[in-house]
Amino acid sequence: MVNHKKIYRLYCEEGLKVRKRARKRLVRRAEKPSPPSQPNQRWSMDFTSDQISSGARFRTFNVVDDCTRECLAIRVERSIPGWLVARVLTQLVSERGCRPETIVCDNGPEFTGRALEIWAEQHGTRLHFIQPGKPYQNCYVESFNGRFRDECLNEHWFPSINDARTIIETWRNDYNEVREHGSLDGATPAEFRRAMESAENASRFPPFPQHPLQSQTTGT
């Protein structure tokens, strides 16, 4: 048996060193995206967590439209891997009838994994990753998360995960349809979206010009 202290002493005397592998770091540029001008142009997504009465933890996957401030989805599960994130986004695209140009998110493994990368390539959506340690760059969903926690998660006691799903979905509908939003001039997110869609349709399909005979008839 060889004394490990002697081996270490000889190792140091010979100047031997173990090469350290340089850790690959994910570099994100501090690119500031322009504000969205229409619904479904840019979404933001993030996670929150809580627990049921037994102490078991659950997570929520939150998706917000940055233009209308609508909460598009809150998925409640014990675990939410990347493939489930992609499935929720696919369902949202089907429900909304269009896909977002950009989705803002942090650098969590669920968002940087292969499953979401494939989804983004298939749908032609750009993933905008914020810089690590700077959640304010994802301000829309972070603001929503704060309200969601204060007004829903902290105000309810969830006996089971199914109860959590029911209560959270009820709160989400109330947030979109009833709750007035200060940044939307007092309108609810759903009202604001409908108003923008109506204005967009009006500009896209202008009224037909009145026929000369019709104008003469109305004039008489």
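See above for the structure.
Residues numbered from 1 in each chain as written. Predicted model: local features only at pLDDT ≥ 70, side-chain atom pairs only at ≥ 80, totals over all residues. Heavy atoms only, no water.

Caption draft 1: Highlighting the overall build of the chain. Along its length, the chain carries eight helices and five strands. Its helices and strands taken in sequence order, the chain reads α-β-β-β-α-β-α-α-β-α-α-α-α from the N to the C terminus. Burial statistics for the chain: of 220 residues in total, 35% are counted as buried. Summarising the internal contacts of the chain: among those between residues at least 6 apart in sequence, 60% fall at separations of at least 24. (Helix = DSSP H or I, 4+ residues; strand = E, 2+ residues; numbered from the N terminus. Buried < 20%, exposed > 50% of the residue type's maximum accessible area, 1.4 Å probe, protein only. Contact = heavy atoms within 4.5 Å.)

Caption draft 2: Region of the structure containing the sheet that holds strand 1 (residues 42-51). In spatial order, the strands read 3-2-1-4-5; together these five strands make up an open sheet with mixed pairing. Each having just a single partner strand, strand 3 (71-77) and strand 5 (126-129) make up the two edges of the open sheet. For this sheet, the mean inter-axis angle between neighbouring strands, taken without regard to orientation, is 25 degrees. Alignment of strand 4 (residues 102-105) against strand 5, held across four bridges, turns out to be parallel. For isoleucine 103, the partnering residue across the bridge sits in strand 5 and is leucine 127. (Pairing = 2+ DSSP bridges. Axes fitted to C-alpha atoms, helices over the stretch in contact; angles between N-to-C directions.)

Caption draft 3: The environment of leucine 89, seen in detail. One can find leucine 89 in helix 2 (residues 82-96). C-alpha separation for the pair leucine 89 and valine 63, spaced 26 residues apart in sequence, amounts to 8.7 Å. Not counting the four nearest positions on each side in its chain, leucine 89 is found in contact with Trp43, Met45, Phe61, Val63, Ile103, Leu116 and Trp119.

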